[in-house]
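Residue-level structure breakdown
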Amino acid sequence: MSSRLNYLKIFNLGLGFMVISMIWAAYNAYMPIFLGNFTKSNTLIGFVMSWDNIANLFILPFFGALSDNTRTRIGRRMPYILVSMPLAGVLYALLPLQTKLLSLLVIDLLFNIVVATYRTPMVALMPDIVEEEHRSKANGVINFMGGLGSLIIFFIGSQLYKINKAYPFFLSGILSLIIPIVLFLTIKEPKIGVNEEKKKNRVF
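Below is a short write-up of the structure. (Residues numbered from 1 in each chain as written. Predicted model: local features only at pLDDT ≥ 70, side-chain atom pairs only at ≥ 80, totals over all residues. Heavy atoms only, no water.)

Notes on the packing of helix α1 (residues 7–36) against helix α7 (residues 167–186)
Between two packed helices, the angle of one axis relative to the other and the distance separating the axes together describe the packing. Orientation of α1 relative to α7, taken along the N-to-C sense of each, is 160 degrees, at an axis distance of 9 Å. Accordingly, the angle class assigned to the pair α1 and α7 is roughly antiparallel. The two elements α1 and α7 meet at a crossing, and its hand is left-handed. Residues Asn12, Leu13, Leu15, Gly16, Val19, Met22, Ile23, Ala26, Tyr27, Tyr30 and Phe34 of α1 form the contact with α7, whose own contacting residues are Pro168, Phe169, Leu171, Ser172, Leu175, Ser176, Ile179, Val182, Leu183 and Thr186. Each residue belonging to the contact of α1 with α7 can be placed in one class, and the counts come to 16 nonpolar, 5 polar and no charged. (Axes fitted to C-alpha atoms, helices over the stretch in contact; angles between N-to-C directions. Helix = DSSP H or I, 4+ residues; strand = E, 2+ residues; numbered from the N terminus. Parallel < 35°, antiparallel > 145°, perpendicular 65-115°, else oblique. Left-handed = near helix turned anticlockwise from the far one by under 90°. Contact = heavy atoms within 4.5 Å. Nonpolar A, V, L, I, M, F, W, Y, C, P; charged D, E, K, R; others polar.)

Structure follows, in structure tokens:
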């Protein structure tokens, strides 16, 4: 008999996806404005705004495979989340503070690289801790949290931006420091995934 879905655990995991949604919602809305303060080249702005897609193409699969083969006392995915999420949050908060194009480009490039290193481990953590029959419900909760993050930036972040252009970035940056601690304290990652556990215990 399978256990019930732990909604509190999935809600906590969903906080990570909420922050990711907040990050990209504000980034896509305001980063072109920041770039436009230093350059009128739409080609350069468009190229910089594509960095996340380029990073995702190469970095996401690599770190997904890397986390699959990672074995630590705190799990396979958690080390990447605990290290990269806060670092990405700090870099993200620095973006609106840059006063030169070069420093903005350097910080943005580093941010795009670092944020890509924890996205796949974050996604992979859900099927690691949720049994197969509950994953559709868990995915629904996570998608809801992601949508909530976008709404927070749309309604609250836009008002913060009017006060200070850096505030929406500070909000997501601060949450990027707090949420990994919440995940670490509330989600005990199994040494092996749920599916692997079932395969190991299956009798043929």
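So much for the structure itself; the text now carries on.
Some remarks on the nonpolar core
Nonpolar side chains tend toward joint burial in soluble globular proteins. With 51 residues, the main nonpolar core has Leu13, Leu95, Phe111 and Met122 as its most contacted residues. Of all the secondary structure elements, the ones that give two or more residues to this core are α1, α2 (42–49), α4 (78–94), α5 (101–129), α6 (135–163) and α7. The leading source of residues in this core is α1, at 16 residues. Residues within four places of Phe111 in sequence aside, it is in contact with Ile23, Trp24, Tyr27, Ala88, Leu91, Tyr92 and Leu95. (Core = buried A, V, L, I, M, F, W, Y, C linked by side-chain atoms within 4.5 Å. Buried < 20%, exposed > 50% of the residue type's maximum accessible area, 1.4 Å probe, protein only.)

Observations concerning the side chain of Ser67
Counting through the fold element by element, Ser67 comes out in helix α3 (residues 51–68). A polar atom in the side chain of Ser67 sits 2.9 Å from the backbone oxygen of Gly64. At a separation of 2.6 Å, a polar atom in the side chain of Ser67 contacts the side chain of Arg77. Sequence-distant contacts of Ser67, that is, excluding residues within four places in its chain, are made with Arg76, Arg77, Tyr80 and Pro121. (Polar contact = N/O pair within 3.5 Å; in protein donor to acceptor, adjacent residues only side chain to side chain.)

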